Amino acid sequence: MVALSLCLFPLQVLQAEWARAHASIMGTEIAVEVWHREQNKSETAVESVLAEMRRVDALMSVYKNDSEMSQINQYAAEKAVSVSDELFYLIRQALDFSVKTKGAFDITYASVGYLYNFRESTRPDQQAIESALPGIDYRLVALDDEQRSVRFLKNGVRIDLGGIAKGYAVDQAISGLKKQGIEHARVTAGGDTRVLGTRLGRPWTVGIRDPRLGEKMVAVIPLLDEAISTSGDYERYFDESGIRYHHIINPETGDSARGLRSVSIIGPQAVVTDALSTSVFVLGIEAGIELINSMQDYEAIIVDNDGELHYSKGLEQFQATAGQENRRINHESALSAVWNSLRVNRLMQSTIRV
Ligand code: AMP
Ligand code: MG
């Protein structure tokens, strides 16, 4: 079984102890990097991450008719649909984020969202949006704790966990790695990454691109035992008459959220950074930064429509360091600013070189 999946997802062993893999799961690119003294342990660990991603996808995909998620969308308007504890808990977490973000994060966005097809560059017209819009309201999703069931309070409601499930899967993968005794790893699912420990005694680094500047980085973020999620208007989109239609939907309008190019959130848990990056993209700069400033341990970097960067409170000195060079922060200033403002310095002191 392992041998078979190794063929399907080529595993590249760089040094004796490193194992890496790339795969396409959950409709996105998965990348895994693991270090362990025993090479076969790192290889097994990488495989376990891919297996976990596939398991979460099978449970939560709206594109798989037999997933629990699809069962909910099919029947929950008629009757309460019982689901696994795991899916129930994630839906509950998603609804909690709706309360926290005053509805900016809302998994019922899908009531309109399903009418967009970014591969085929098609979108609903205003009339179609208006007739489906009453289905967007997280309060229309009723959860029954005892039955572990989900019920929609209206016809036309759909849910989709696309804004939170990848972060959840990344957290699941990291906790699985920890259980196997892995101390150094990076797991990425699309825009969501979480790292474990160091990369050869140094922090892992994750770059933030300005989507309009190609591959160029506007910031390079060093991370230790932390997650980072980026939401952008360049992942699933099409342009029509100079207007960009993309996959993050403003629940109030049913149109794509306007005003920003990308939002990155840094913090301990990927399920939280994932939900928050989508939320802040909808909320915009002011309300978005205010939300992040109210949350301990979470920071935000926003690229607005002019390519300017905006930071949450914990990263303000980052802004000062950047000065006129706002659009292009060099690696060194990014390192020193973020190391100081996040918890990296303290963590570095307690980290043993591998
Ligand atoms: P992300 O890349 O994490 O920002 O997730 C974007 C995905 O979140 C989209 O592809 C949708 O599946 C989902 N989504 C879009 N708009 C919203 C919204 N307002 N609230 C919650 N999820 C959303
Ligand atoms: Mg997200």
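Going by the structure above, here's the rest.
Residues numbered from 1 in each chain as written. Chains lettered and ligands numbered in written order. Predicted model: local features only at pLDDT ≥ 70, side-chain atom pairs only at ≥ 80, totals over all residues. Heavy atoms only, no water.

Colleague: Please give an account of the site of ligand 1 that cites residues and values.
Modeller: Near ligand 1 lie 17 residues; those nearest to it are Tyr109, Ser231, Ile249, Asp274 and Thr278. Residue tyrosine 109 places a side-chain N or O atom 2.7 Å away from an oxygen atom belonging to ligand 1. In the complex, the protein chains occlude 97% of the 500 Å² of accessible area that ligand 1 would expose alone. Tallying contributions element by element places helix H8 (residues 270–283) first for the shell around ligand 1, with three residues. Of the residues contributing to the shell around ligand 1, the split by class is seven nonpolar, five polar and five charged. (Near = heavy atom within 4 Å. Polar contact = N/O pair within 3.5 Å; in protein donor to acceptor, adjacent residues only side chain to side chain. Areas by Shrake-Rupley, 256 points an atom, 1.4 Å probe, with all protein chains shown as cover. Helix = DSSP H or I, 4+ residues; strand = E, 2+ residues; numbered from the N terminus. Nonpolar A, V, L, I, M, F, W, Y, C, P; charged D, E, K, R; others polar.)

Colleague: Can you break down the coordination of the magnesium ion (ligand 2) residue by residue, with the values?
Modeller: Looking at the magnesium ion (ligand 2), the protein donor atoms are Asp274 (O), Asp274 (OD) and Thr278 (OG1), and they sit 2.0 to 2.2 Å from it. Here aspartate 274 and its partner threonine 278 are both found in helix H8, four residues apart, which amounts to about one turn of the helix. (Donors = N, O, S within 2.8 Å, 3.2 Å for Na, K, Ca; no water.)

Colleague: Outline helix H7 (residues 165–179), supporting the account with residue identities and numerical values.
Modeller: Its 15 residues give H7 an end-to-end C-alpha distance of 21 Å, which sits within 8% of 21 Å, the value for a rise of 1.5 Å per residue. Among the residues making up H7, those that are buried are Ala165, Lys166, Gly167, Tyr168, Ala169, Val170, Asp171, Ala173, Ile174 and Leu177. Note on H7: the residue one or two positions beyond its end, glycine 181, has a positive phi of about 85°. (Expected span 1.5 Å × (residues − 1). Buried < 20%, exposed > 50% of the residue type's maximum accessible area, 1.4 Å probe, protein only.)

Colleague: Let's hear about the environment of serine 229: which residues, and what values?
Modeller: Structurally, the position occupied by serine 229 is in strand E11 (residues 227–232). By relative accessible area, serine 229 is classed as buried at 0%. The sequence separation of serine 229 and threonine 193 amounts to 36 residues, and the corresponding C-alpha distance is 6.2 Å. The contact partners of serine 229, leaving out residues within four places of it in the chain, are Gly191, Asp192, Val263, Ser264, Ile265, Ala270, Thr273, Asp274 and Ser277. (Contact = heavy atoms within 4.5 Å.)

Colleague: Describe the packing of H8 against helix H9 (residues 285–293), naming the residues involved and giving the relevant values.
Modeller: Viewed as axis vectors pointing N to C, H8 and H9 meet at an angle of 145°, and their least axial separation amounts to 6 Å. When H8 is examined against H9, the residues Leu276, Val280 and Leu283 are found in contact with a partner set consisting of Ile285, Ala287, Gly288, Leu291 and Ile292. (Axes fitted to C-alpha atoms, helices over the stretch in contact; angles between N-to-C directions.)

Colleague: I'd like to hear about the environment of aspartate 225, residue by residue, with values.
Modeller: Mapped onto the elements of the fold, aspartate 225 is located in the loop between strand E10 (217–223) and E11. Aspartate 225 sits in the partly exposed class, given a relative accessible area of 41%. For the pair aspartate 225 and glutamate 183, spaced 42 residues apart in sequence, the C-alpha separation works out to 9.6 Å. Sequence-distant contacts of aspartate 225, defined by excluding residues within four places in its chain, comprise Val195, Leu196 and Gly197.

Colleague: Lay out the pairing of strand E7 (residues 184–189) in plain terms, naming residues and giving numbers.
Modeller: Counting buried residues along E7, five of its six residues qualify, which places the element largely inside the surrounding structure. Looking at chain direction, strand E3 (residues 28–35) and E7 are connected through six bridges and run antiparallel. Bridge pairing links isoleucine 30 to alanine 189 in E7. Taken together, the five bridges between E7 and strand E8 (residues 192–196) define a ladder with antiparallel strand orientation. The residue bridging alanine 189 from the neighbouring strand is aspartate 192, located in E8. (Pairing = 2+ DSSP bridges.)

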